[in-house]
Amino acid sequence: MERLGRLLYRIFGSSWVTLLLVGAIVINFASSIHASEWVQDDQPIIANIYLGTLFGWLLAKSRFSGFFSSIYGLVIATFSAAMGTGQILLGLNVWSQPGWMAFILNLNQRFSLFSLRVSSWTTAIQTNQNVNDVGFFIFLAAWIAWVLFAWLIWCVSRLRRALIGILPLAFFLGLNVYLSRQDTAAFSGMIVASVLLAARTAFLERHEDWIRRKTDYPEGLGFDWGTSALIAAAVIGILATVIPILGTPEGWQSIRDYLNSFRKTSESTAEQLFSGVKPPAIEEGNIPAAIRLPDLSEIGIPIPQGSRVVMWVMLSEPPPMPPEMGLPEVVTPAHYYRSSVFSQYTGRGWEAIPSVDQASVPSLEPIPNDNSVPIGRENLVQKYELAAQGTGALFGVNYPVKVSEGASLRITVPDASTLVQGKVKVYEVASWISKATVQQMRNAPVDYPLEIQEYLHLPDKLPARVRDLSIRIVRNAKTPFDKAFLIQQYLRENYRYDLETPKADLQRDTVDVFLFESRRGFCSHFASAMAVMLRAAGVPSRVAVGYVGGSYDERRNAWQVTESFSHAWVEVYFPGLGWIEFEPTPGRAAIDYPSETQTTDSNEAVKEGGAKPIALPLLNQIRNLLFLLGGLLLLVFVLWVLWFWQPAKWQKGKQMQIRRVYLLLRWGLAIAGLRGDPSMTPYEYNLHYAQVLIPYPVLYQSLVQVTDIYLQAEYSANPINREQVTLAGRLLRQSCVNLIGFWIRSSLRHFSVKHQKKSSRILDSGRQ
């Protein structure tokens, strides 16, 4: 029993047990928060749970006082919660900026976005209105999570009072389990781990006190204490699990439901065994019953996805070169096969633009390549073969001008754009597609016709921060093209493409939720956000839906378009050039607009996919950069303090520093071959190797003096002072040169002796 007690004490006395128990509490709490699904994106809260635990451990191992640690911890908790809520340092593409200036400006944009959110929170609270931004809840929850777990680790490691650190966690976990109607498994698991952690911490604190006061205690006490703690934890865990079941009507109902499900399972099993086999399900074909397009009546409705073929499209332009020819790959620009356009934004979705039938439908004829084609456009003939019956809305690229028999054109009101309609499955369209250059779009006038100003309309209830963000992004843009490109770039670089994004709350503005809270979405979200932001910046825009691109089928000499190519994009109006497509969705390749032969540096930047960074007013830039640099310097200061001041485990006073210096010196001598017997005292070691070290006076004197200081620190009642600690470190540094020389000579001597022995063996074998 005594041996078993010692073994258990060695096992449970290890620091790994504390890590395991704390890890169990952290994982239980994080799992419960994630399962509650209070918000769609709980990543900042979960991250702060783990970061708060790590920071609490570092803070507890430092030499900071309790008062300073509490103030410092609250500041870092606020900073971390802001970073997570605003996705400032962990956001998409923030670390992939091509250059430090672009990186800083990207962070500046994120700080500006977060400052708008904080401003909206403050305004809502001051005016007694509801804070509709869930980011406020995420910020508070992340801050509380950080503080709770930093406090837990501080209590366990520094105060040795685990119970006062566990109680706040248990309160919030119980509240979360109750409000979110979760089962009690997570709560019971945390209770068990908490009881064991509290018992272990209390025992270690008492054990250290006994050692400090040199009080004798029985060897088996650790075994008795640990056994009692395990029994108590098991009993409490069982009670925490059983009482909620037996003490509520819901618990008894769950028992009855389990028994009923067991009875039904038995009946279904018997029926399956004696009633035959069910016929296999018929697989769905590869041809869709009807063409499905993105539904923008409510932004967030899942877009069609799948590998089923929708249509084949043959184009009048040259096909892509086959890869087996070995020629350099040429990227073929993807065409946007438009079906519908939307003009009115409702806050939840879009309303389709009204249209009327064209008076006459001429037959399809080749359009001559002369002055009848407007500037910035060229002809493109498309032949469509639909694999399924459409809804009446057919497809055409950009600006259809003629269609074949069976199809017709519809004219939008009031701007007279053209759309294709009909019930046919095979038809042809001739379009004037845009080939406008960057310079042409920049030189386009800004006097919009009256019928185009309809595409500047926004709902009166659009949140002000959406307009503010738009203005901040395009503040220094000189032309509508620059505004469109900057907003497109901002969305592509700062938001995540996610097809699983759920719809926003019915009472909220969807674009506002996307821009400031969820920060993820698919093409419907990105296109809607860009169109709304452009309108807020004074640029006419609209959203179009259809299909984009496809995969080229060489056997049919046509582009195969499947459901996965369904898409929504943005069209921007430029006087004299018409409507031109823009691509804000990062899941699709950006459009490469052609440039003039003589281009400015900024034009080349646009062509290569770059853009001038968003420039904010000088005062805002200085404020945001100072805030960012201050936060970064604060984190660097933490790392500096914890690295150079050393944790408390290494800094239990000057004694641990001297021990480390002495062990480093002995380790260096051991590498050179002066290992010494484990039974030797430090003085015996010095005497044993004195003759060897006398040729190295600096090394030998350093060893003697460091040994004296070390023995005083370990065994003398007179404590060492800081001067002795400084002297020991200086002696160690001074002896490094002699130590290296000693290593070299020892290695050469060892090699020479080994060579002589080998030569002797060779000579002896030759004589024999």
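Criteria and cut-off values
Residues numbered from 1 in each chain as written. Predicted model: local features only at pLDDT ≥ 70, side-chain atom pairs only at ≥ 80, totals over all residues. Heavy atoms only, no water. Pairing = 2+ DSSP bridges. Helix = DSSP H or I, 4+ residues; strand = E, 2+ residues; numbered from the N terminus. Axes fitted to C-alpha atoms, helices over the stretch in contact; angles between N-to-C directions. Buried < 20%, exposed > 50% of the residue type's maximum accessible area, 1.4 Å probe, protein only. Contact = heavy atoms within 4.5 Å. Polar contact = N/O pair within 3.5 Å; in protein donor to acceptor, adjacent residues only side chain to side chain. Salt bridge = Lys/Arg side-chain N within 4 Å of Asp/Glu carboxyl O.

Asks: Which parts of the structure should I look at to understand the sheet that holds strand β1 (residues 309-315)?
Replies: Ordered in space as β7-β10-β5-β1-β15-β14, the six strands form an open sheet in which the pairing is antiparallel. The two strands at the open ends of the sheet, each matched to only one other strand, are β7 (399-403) and β14 (551-553). Pairs of neighbouring strands in the sheet enclose a mean axial angle of 35 degrees, with direction left out of account.

Asks: Got a minute to help me understand the environment of Q382 in this structure?
Replies: With respect to the helices and strands, Q382 occurs in strand β5 (residues 377-386). Among the residues examined, Q382 registers a relative accessible area of 0% and is labelled buried. Between the C-alpha atoms of Q382 and V397, which are 15 residues apart in sequence, the distance is 8.1 Å. Once you skip the residues sitting within four places of it in the chain, Q382 turns out to touch V313, M314, L315, G396, V397, Y427, E428, V429, A430 and S431. Polar contacts involving the side chain of Q382 include one to the side chain of Y384, which spans 2.7 Å.

Asks: Quick question: what am I supposed to make of the pattern of salt bridges here?
Replies: If charged atoms from side chains of opposite charge come close, those side chains can pair. This structure, assessed with the given rule, holds 20 salt bridges. Between R410 and D357 there is a salt bridge whose closest N-O contact spans 2.6 Å. In this pair, R410 is assigned in strand β8 (residues 407-412) and D357 in strand β4 (residues 355-357), connecting sequence segments 53 residues apart. For R410, a relative accessible area of 21% corresponds to the partly exposed category. As a salt-bridge pair, R659 and E714 come within 2.8 Å of each other at their nearest N and O atoms. Taken together, the residues R659 in helix α18 (residues 654-671) and E714 in helix α21 (residues 697-715) connect sequence positions 55 residues apart. Taken together, the shared-partner salt bridges in this structure form one network comprising R117, D133, R465, R508, D512 and E517.

Asks: Can you help me understand the sheet that holds β4 in this one?
Replies: Each strand in a sheet pairs with its neighbour through backbone hydrogen bonds, running either in the same direction (parallel) or in the opposite one (antiparallel). Strands sit in the order β4-β8-β9 across an open sheet of three strands; the sheet is antiparallel. Whereas interior strands pair on both sides, the edge strands pair on one side only; in this sheet they are β4 and β9 (418-422). Strand-to-strand twist of the sheet, defined as the mean angle between neighbouring strand axes without regard to direction, takes the value 40 degrees. In this structure, β4 lies alongside β8, joined through three bridges in antiparallel fashion. Counted as the bridge partner of V356 is I411 from β8.

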